[in-house]
Amino acid sequence: MTQNIDGIQTIDYFEKIKDHEQVVLCNDPHSGLKAIIAIHDTTLGPALGGTRMFPYASFEDALDDVLRLSEGMTNKCAAAGLDFGGGKAVIIGDPKTDSTPALFRAFGQYVDSLNGRFYTGTDMGTMPEDFVEAAKETQFINGIPEAYGGSGDSSIPTAHGVLYALEATSNYVFNHQDLGLNSYAIQGLGKVGYKIAQRLLELGATVYATDINESAIEQLTKEAKDLTGQLTIVGLDDIYDVKADIFVPCAMGSIINDETLEKLQVKAIVGSANNQLKTKEIAEKLKQAGIVYAPDFIVNSGGLIQVADELYGPNHERVLKETKAIFNSLESIFAEADANNITTLEAASIRVQAVLDDQRNRNNFFARHRRPKWQVKE
Ligand SMILES: NC(=O)C1=CN([C@@H]2O[C@H](COP(=O)(O)OP(=O)(O)OC[C@H]3O[C@@H](n4cnc5c(N)ncnc54)[C@H](O)[C@@H]3O)[C@@H](O)[C@H]2O)C=CC1
Ligand SMILES: O=C(O)CCC(=O)C(=O)O
């Protein structure tokens, strides 16, 4: 992706973003905001996706992450049957030291400048309270706390969705849905991973867990004493070597790669992390290795379902019902993959492509005047 201009190798950014509709750089020196908003595809509706905050080592790392994450959102929205497209934002900074109200207000102004082409809320490194600040500047925010009229923390339905996915996978691989009977290696005890670990320990499961955040580990260790399951804390890199039934990645992406594949001793991978596979080819290698991969954009769609639903007004019952569909969706993806001897990722991608093609084939004359079924707040 480099080009030679007057003897100098430069990155061809238009080549890099060739599959994306729009990429916006946000720079606010006053608050220190440096962010990138990427809109991948709005065939199905306005882009929707959370905002991640991370101390990226370089602009290129941040750009690569937001491009992959926003493409994943197109898949996730299509697979969940939502009238939204794929988008995502990243803020370059350390959530522990750089998260200020001023920074999120500035970010809200950039979101507002897109005039409804992009809706956003929390992701890794950001909290619902951050978006209370952003929402002071724009209406295109979701996942804010219930006290402020939002649907609350979207990591709750995300965690529910992962648990339904674990049940479907357990049923497929081990012929039972009792999550308490299995052992798990959980990477990341943040908003989503912590809730999953808690629930699995409540159910009596054997849980191996790791996180870079000592306080999350301390808290879970304390809580685990009163729960029936067995918790073992392992080192950051040791999580890949754990002999467990299911690996549950709930931190960063690209963690399933050639190096970690060599180490994995699990029968299945089911987690909330976005973009778990470093490359698409890894899906075939997992299949060869006999490790069942539950596609991340199916497994982790609970939060998305909630934030999309929030535009009708918060309703947890409705969201939980829709999130349960992840169980059936995964079951049919496993069945299609088996029937056609393809990977689970291919089976899920075929489904996404059909949804996108269906919308593209609709009559554009009417589409121009189509009122979206979600409500645009005036
Ligand atoms: N919050 C949500 O509703 C959704 C989250 N996701 C994805 O799930 C993953 C987790 O999201 P959240 O829990 O919201 O984020 P979070 O920021 O609350 O938690 C992430 C946790 O991972 C830990 N971590 C970071 N690097 C690590 C490493 N190398 N090894 C072990 N632990 C590490 C962090 O210390 C933190 O505790 C992310 O990939 C996110 O994009 C996907 C869909 C929805
Ligand atoms: O969970 C959210 O707040 C929005 C959805 C999202 O960004 C995701 O599913 O990765």
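Note that the coordinates shown come from a computational prediction; the quantities given were computed from them, not determined experimentally.

> Before we go on, may I ask you to explain the state of the cysteines in this structure?
Each disulfide consists of one covalent bond between the sulfur atoms belonging to two cysteines. Counted by the stated rule, this structure contains zero disulfides. In this model Cys26 remains outside any disulfide bridge; the closest cysteine sulfur is found in Cys77, 20 Å from its own. Judged by its relative accessible area of 3%, Cys26 falls in the buried class. What makes Cys77 buried here is its relative accessible area of 0%.

> Where do I start with the packing of aromatic side chains in this structure?
To describe a pair of aromatic rings, one takes the distance between the centres and the angle between the planes. For the coordinates displayed, the defined rule picks out seven aromatic pairs. Measuring from centroid to centroid gives 5.6 Å for Phe104 and Phe131, while their planes differ by 70°, and the two rings are edge-to-face. Taken together, the positions of Phe104 in helix H4 (residues 101-113) and Phe131 in helix H5 (residues 128-134) put the pair 27 residues apart, joining distant regions of the chain. A relative accessible area of 0% means that Phe131 is categorised as buried. Residues Tyr119 and Phe140 carry aromatic rings whose centres are separated by 5.4 Å and whose planes lie at 80° to one another, so their mutual orientation is edge-to-face. Of this pair, Tyr119 sits in strand E8 (residues 118-119) while Phe140 sits in the loop between H5 and helix H6 (155-174), placing them 21 residues apart in sequence. Per residue, the accessibility class of Tyr119 equals that of Phe140, and both read buried. Of the aromatic side chains, those joined through ring pairs into one cluster are Phe84, Tyr119 and Phe140.

> Explain the domain arrangement of the protein to me, please; I cannot follow it from the model alone.
Interface extent is often summarised as the accessible area lost during association of the parts. With domains assigned, the protein is organised as domain 1 (2-68 + 87-149) and domain 2 (156-355). Each partner contributes to the interface: domain 1 provides 18 residues, whereas domain 2 provides 16 residues. When domain 1 packs against domain 2, close to 1200 Å² is buried across both sides, 51% of that on carbon and sulfur atoms. Of all residues in domain 1, the largest losses of buried area upon contact with domain 2 belong to Leu48, Arg68 and Asn142, amounting jointly to 39% of the total for that side. Along the contact surface separating domain 1 from domain 2 lie zero salt bridges.

> In this structure, what is going on with the nonpolar core? I would like to understand it.
Across soluble globular proteins, nonpolar side chains have a tendency to be buried as a group. Residues Leu166, Ile186, Ile196, Leu200 and Phe247 are the most contacted members of the largest nonpolar core, which totals 68 residues. Counting residues per element, this core draws most heavily on H6, at seven residues. Residues Ile37, Ile39, Val132 and Leu304 belong to the second largest nonpolar core, which totals 33 residues.

> Looking at this structure, how should I read the site of ligand 1?
Taken together, 25 residues form the shell around ligand 1, and within it Asp123, Thr158, Asp211, Ala251 and Asn274 come nearest. The contact in question runs from an oxygen atom of ligand 1 to an N or O atom on the side chain of Asp123, over 2.9 Å. Interatomic distance of 2.9 Å between a backbone N/O atom of Val192 and an oxygen atom of ligand 1. Taken together, the residues of the shell around ligand 1 sort by class into nine nonpolar, eleven polar and five charged. Viewed by domain, the shell around ligand 1 spans two of them, domain 1 (2-68 + 87-149) and domain 2 (156-355), each represented by three or more residues.

> I keep staring at the pattern of salt bridges and nothing clicks. Help me out?
Oppositely charged side chains are able to pair whenever their charged atoms sit close together. Considering all chains together, one arrives at 15 salt bridges under this definition. A salt bridge links Asp65 to Arg52, with the nearest nitrogen and oxygen atoms 3.2 Å apart. Linking Asp65 in helix H2 (residues 59-79) with Arg52 in strand E6 (residues 51-54), this pair joins segments that are 13 residues apart in sequence. Arg52 carries the same exposure label as Asp65, and that label is buried. Here Lys195 makes a salt bridge to Asp153, at a shortest N to O gap of 3.6 Å. Pair noted here: Lys195 is in helix H7 (residues 191-202) and Asp153 is in the loop between H5 and H6, with a separation of 42 residues, a long-range link. You can call Lys195 partly exposed: its relative accessible area is 23%.

> I would appreciate a short explanation of the UniProt feature "active site" (unreviewed entry) in the protein in the present structure.
UniProt annotation of "active site" (unreviewed entry) refers to Lys88 when read in the numbering used here. Mapped onto the fold, Lys88 is located in strand E7 (residues 85-92). Residue class for Lys88 comes out buried when judged on its relative accessible area of 3%. If near-sequence neighbours (up to four positions away) are discounted, Lys88 is found in contact with Ile36, Ile37, Ala38, Gly49, Gly50, Val66, Leu69, Ser70, Met73, Phe118, Asp123 and Asn274.

> So what exactly am I meant to see when it comes to the packing of H6 against helix H13 (residues 316-340) here?
Helix packing for two helices is described by the angle between their axes and how far apart those axes are. Running from amino to carboxyl end, H6 crosses H13 at an angle of 35°, the nearest separation of the two axes being 9 Å. Taken as a pair, H6 and H13 cross one another with a handedness that is right-handed. Between H6 and H13, the contacting residues are Pro157, His160, Gly161, Tyr164, Ala165, Glu167, Ala168, Thr169, Asn171 and Tyr172 on the first element and Val319, Leu320, Thr323, Lys324, Ile326, Phe327, Leu330, Glu331, Phe334 and Asp338 on the second. The class makeup of the residues in the contact of H6 with H13 is eleven nonpolar, five polar and four charged.

> Looking at this structure, how should I read the site of ligand 2?
Residues in close proximity to ligand 2 include Gly49, Gly50, Met73, Lys76, Lys88, Thr122, Asp123, Ser154, Asn274, Gly303, Leu304 and Val307, which together make up its full environment. One of the side-chain N or O atoms of Ser154 is found 3.1 Å from an oxygen atom in ligand 2. Coverage of ligand 2 by the protein chains reaches 94% of its 290 Å² of free accessible surface. Listing elements by their share of the shell around ligand 2, those giving two or more residues are H2 and helix H12 (302-309).

> Even after reading the chapter, I still don't get the confidence of the model for the protein, so can you show me in this structure?
Low-pLDDT portions of the prediction should not be read for the details of their coordinates. When the pLDDT values of the protein are averaged, the result is 94; 95% of them are 70 or greater. Model confidence for the complex is summarised by a pTM of 0.93, with the ipTM given as 0.98.

Criteria and cut-off values
Within any chain, residue numbers begin from 1 and follow the written order of that chain's sequence. Whichever chain is written first becomes A and whichever ligand is written first becomes 1, with later ones labelled in order. Residues qualify for local features only when their pLDDT is at least 70, as the model is predicted, and side-chain atom pairs are given and counted only at 80 or more; totals for whole chains, interfaces and linings, by contrast, use all residues. Values shown for side chains rest on all heavy atoms present in the structure; no hydrogens or waters enter the calculation. In what follows, a disulfide is any cysteine sulfur pair within 2.5 Å. To sort residues, take the accessible area from a 1.4 Å probe on protein chains only and compare it with the maximum for the residue type: under 20% means buried, over 50% means exposed, and anything in between is partly exposed. Note on ring pairs: Phe, Tyr and Trp rings are taken, using the six-membered ring of Trp, and paired if centres are within 6.5 Å. Classes follow the plane angle, with under 30 degrees stacked, over 60 edge-to-face and the rest tilted. Under the scheme used here, helices are H or I runs from DSSP no shorter than 4 residues and strands are E runs no shorter than 2 residues, and both carry numbers assigned from the N terminus. Note that the domain bounds were set by an automatic or database domain assignment. Note on contacts: a residue pair qualifies if any of its non-hydrogen atoms lie within 4.5 Å across the two residues. By convention, the term buried area covers the 1.4 Å-probe accessible surface removed from two parts as they join, with the contributions of both added. Take a side-chain nitrogen of Lys or Arg and a carboxyl oxygen of Asp or Glu: if they are within 4 Å of each other, that pair is a salt bridge. Buried residues of nine kinds, namely Ala, Val, Leu, Ile, Met, Phe, Trp, Tyr and Cys, make up a nonpolar core once their side-chain atoms join them within 4.5 Å. The nearness test applies per residue and asks whether one of its heavy atoms lies within 4 Å of the molecule or strand. Under this definition, polar contacts are N or O atom pairs within 3.5 Å; protein pairs additionally need one hydrogen-donor-capable and one acceptor-capable atom, and for neighbouring residues in sequence, both atoms have to be side-chain atoms. Only Asp, Glu, Lys and Arg are considered charged, only Ala, Val, Leu, Ile, Met, Phe, Trp, Tyr, Cys and Pro nonpolar, and every remaining residue, Gly among them, polar. UniProt positions are given in the numbering used here, feature names are shortened, and annotations may be inferred rather than shown by experiment. With axes taken as lines fitted to C-alpha atoms, and helix axes fitted only over the stretch in contact, angles between N-to-C directions fall between 0 and 180 degrees. Handedness of a crossing is defined here by the sense of rotation of the near helix relative to the far one, left-handed for an anticlockwise turn of less than a right angle and right-handed for a clockwise turn. Only the protein chains shown count as covering a residue, and every accessible area follows the Shrake-Rupley method with a 1.4 Å probe. Per residue, pLDDT captures the predictor's confidence, and it can take any value from 0 to 100.

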